[in-house]
Amino acid sequence: MYLLLAKDLLVELRNRETFTVMLFFAVVMLFLFHFSLNPERENTAILAPGLLWLAFLFTGVLGLGRSFQAEQTNDCLEQLLLIPGDRGHIYLGKLVGNIAFMLAVELLILPLFALFFQLNLWLALLPLLGVAVLGTVGFAALGTLFSALTSNVRAREVLFPLLLFPLIVPLIIGTVTATAIVLGGGTLGEASAWLKLLAAFDTIFLVIAYLTFEFVVEQ
Amino acid sequence: MAEPCLSGRTLANGLGIVALLAVLVGLYLAFFYAPADALQGDVQRIMYIHVPTAWVAFFACFVVFVASMVYLWKRWPEADRLAYASAEIGVLFTALTLIDGSIWGKPTWGTWWTWDARLTTTAILLVIYVGYLMLRSFVEEPERRARLAALVGIVGFIDVPIIYMSVLWFRTLHQPPSIQAGGVAMPESMLFTLLFNFGAYTLVYVFFLVKRVRLESLRAIIDALMAEKVEHE
């Protein structure tokens, strides 16, 4: 698992392909949000949490969709499956890598978001990061499973978000509402109901994805 | 091979006739036997179709879930065909539920659509199972198609109650629910009509299911014969 994680991180550090695309895609989304909604200062606070998470999720789908693509060339996935032991480890390796990429992009996007939309994020930064981690883990947990599931399917680019997005509705509700509370000056305690929802979602789908992953990659 | 197929067909058609009769009797009961609702009047009679179609929609998705688990466990192709057939009927009845629910919602709530938890969850359910069917249509090898679809059937079904709960919380914290589930006691004639229609639409579901599974089995037999023929050549 650690070797797989190290390999993914190393490949990404060498060519920075996916990461760069994800980052600039997110930046472009911020531009599009601005021009499509023309947010004035007073309604920014209402729109910001939703816009932020839409940017994260669309960027995430872009990155996660590629996560098993590299393994398709040269039958790398087959080689990976030859590793003795639990196939769940392959899943965990990929998952941790995906979480790391997504969080890195989110960390870079947050200051830009605050700059473009004139939000004061710094007071709420720590609770906001907490929400981001919970949301990203759940998203990546299901996303990694479905990325593997659709990696070898025709029309995977359209099928992957079609399958993934309906399932993460609870996650969107939880993250956006919690982000709104935190940005509005609330503490994590006031958002605890939503954080519990996110934590429950993360736990349930981490376990399910870990257990079912071997059926996805079965030969 | 031909003999059991034929007798199975007669049985299925018999079931179809019974289901059709049951639906007709159910409609008669809904329109003439059950009394008009004190508050909503005749509009409320759509309940006798709406609630049973919703029940069939959710039951069909439950069958997909169970059949998918059986498939991953036992690898019976029959379980996969059952899941496929049930998912198709589930999509049909989910769409019907949304449509007849909208028709009911317009005169009673004054709107075709509201972001109520049940409505929203049903709509998301529809998208999940459309995704399930799309996935199936994009994978050619039967074994891999069955395996991947089964995973979607399982993960999707487990997610439905979580979606329902999250939408419910989201709604209740933003504004009070638009309708309160009233403790209105139903007169016996209404209850009987409703229960009869439950039975009628469940029969329709079973009939569709039997027909659809049979069709898939025949298709599998033909595919196997074709493969054999290609091998000989």
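Caption draft 1: Seen up close, the overall build of chain A. A tally of regular secondary structure across chain A gives 10 helices and zero strands. In sequence order, chain A lays out its α and β elements as α-α-α-α-α-α-α-α-α-α. Taken across its 219 residues, chain A has 43% of its residues classed as buried. Counting contacts in chain A only where the partners sit at least 6 residues apart, residues at least 24 apart contribute 83% of the total.

Caption draft 2: Summary view of the overall build of chain B. A tally of regular secondary structure across chain B gives six helices and zero strands. Its helices and strands in sequence order give chain B the pattern α-α-α-α-α-α, from N to C terminus. Its C-alpha atoms give chain B principal-axis dimensions of about 70 × 40 × 25 Å. Split into buried and exposed, the 233 residues of chain B put 35% on the buried side.

Caption draft 3: Highlighting helix H7 (residues 125-150) of chain A. For H7 of chain A, built from 26 residues, the straight-helix expectation of 38 Å at 1.5 Å per residue is met to within 8% by its first-to-last C-alpha distance of 35 Å. Counting buried positions along H7 of chain A yields 21 of 26 residues, so the element is predominantly enclosed.

Caption draft 4: Inspection of the nonpolar core at higher detail. Ranked by internal contacts, the top residues of the largest apolar core, which has 116 residues, are Leu142 of chain A together with Ala60, Val64 and Ala83 of chain B. Ignoring anything within four residues of it in the chain, the contact list for Ala60 of chain B reads Ser86, Ile89, Gly90, Phe93 and Tyr205 of chain B.

Caption draft 5: Summary view of the environment of Cys61 of chain B. Residue and element names in this part refer to chain B. Following the sequence through the fold, Cys61 ends up in helix H2 (residues 47-74). For Cys61, a count of 24 C-beta atoms within 10 Å puts it in the buried group. For the pair Cys61 and Thr193, spaced 132 residues apart in the sequence, the C-alpha separation amounts to 25 Å.

Caption draft 6: Structural detail: the interface of chain A and chain B. Contacts between the two partners involve 21 residues from chain A and, on the opposite side, 22 residues from chain B. Elements represented by at least two residues in the side of chain A that touches chain B include exactly helix H8 (156-167), helix H9 (169-183) and helix H10 (192-217) of chain A. Its residues assigned to classes, the side of chain A that touches chain B shows 16 nonpolar, three polar and two charged.

Caption draft 7: Structural detail: unusual backbone geometry. One non-glycine residue with positive phi stands out, namely Ala155 of chain A, at about 55°. Within the element layout of this structure, Ala155 of chain A appears in the loop between H7 and H8. On the basis of neighbour count, Ala155 of chain A is assigned to the partly exposed category, with 13 C-beta atoms found within 10 Å. Of note in the backbone geometry, Arg75 of chain B takes a positive phi value of approximately 60° without being a glycine. The residue Arg75 of chain B is located in the loop between H2 and helix H3 (77-109) in this model. Overall, Arg75 of chain B belongs to the partly exposed group, with 13 C-beta atoms counted inside 10 Å.

Caption draft 8: Layout of the confidence of the model for chain A. Averaged over chain A, the pLDDT score is 84; the fraction of residues at 70 or greater is 89%. Per-element averaging of pLDDT across chain A places helix H1 (residues 2-15) of chain A at the bottom with 68 and H7 of chain A at the top with 92.

Caption draft 9: Focus on the environment of Ala79 of chain B. Residue and element names in this part refer to chain B. Relative to the assigned elements, Ala79 resides in helix H3. Separated by 150 residues in sequence, Ala79 and Lys229 place their C-alpha atoms 26 Å apart. Residue contacts for Ala79: discarding those within four places in its chain leaves Ala67, Val70, Tyr71 and Lys74.

Caption draft 10: Representation of the confidence of the model for chain B. Residues and elements named next belong to chain B. Looking at chain B, the pLDDT average stands at 86 and 91% of residues meet or exceed 70. Per-element averaging of pLDDT across chain B places helix H1 (residues 2-33) at the bottom with 80 and H2 at the top with 93. In this model, residues 175-180 is a region of pLDDT below 50 whose contacts with residues beyond four sequence positions or in other chains number six contacts.

Caption draft 11: Region of the structure containing H3 of chain B. Taking 1.5 Å as the rise per residue, H3 of chain B with 33 residues should run 48 Å; its terminal C-alpha atoms sit 46 Å apart, in good agreement. Looking one or two places after H3 of chain B, you find Gly110 of chain B, whose phi comes out positive at around 85°.

Caption draft 12: Region of the structure containing the packing of H2 of chain B against helix H6 (residues 188-232) of chain B. Residues and elements named next belong to chain B. Contact geometry for H2 and H6: axes closest at 9 Å, N-to-C directions at 45°. One finds that H2 runs oblique with respect to H6. Between H2 and H6 lies a crossing of right-handed hand. Where H2 abuts H6, its residues Tyr48, Ile49, Val51, Pro52, Thr53, Trp55, Val56 and Ala60 lie against Thr193, Leu194, Asn197, Phe198, Tyr201, Thr202 and Tyr205. When the residues that make up the contact of H2 with H6 are grouped by side-chain class, the tally is 11 nonpolar, four polar and no charged.

How each quantity is defined
Residues numbered from 1 in each chain as written. Chains lettered and ligands numbered in written order. Predicted model: local features only at pLDDT ≥ 70, side-chain atom pairs only at ≥ 80, totals over all residues. Helix = DSSP H or I, 4+ residues; strand = E, 2+ residues; numbered from the N terminus. Buried ≥ 20, exposed ≤ 12 C-beta atoms within 10 Å, placed from the backbone. Contact = placed C-beta atoms within 7 Å. Expected span 1.5 Å × (residues − 1). Core = buried A, V, L, I, M, F, W, Y, C linked by C-beta atoms within 7 Å. Nonpolar A, V, L, I, M, F, W, Y, C, P; charged D, E, K, R; others polar. pLDDT = per-residue confidence, 0-100. Axes fitted to C-alpha atoms, helices over the stretch in contact; angles between N-to-C directions. Parallel < 35°, antiparallel > 145°, perpendicular 65-115°, else oblique. Left-handed = near helix turned anticlockwise from the far one by under 90°.

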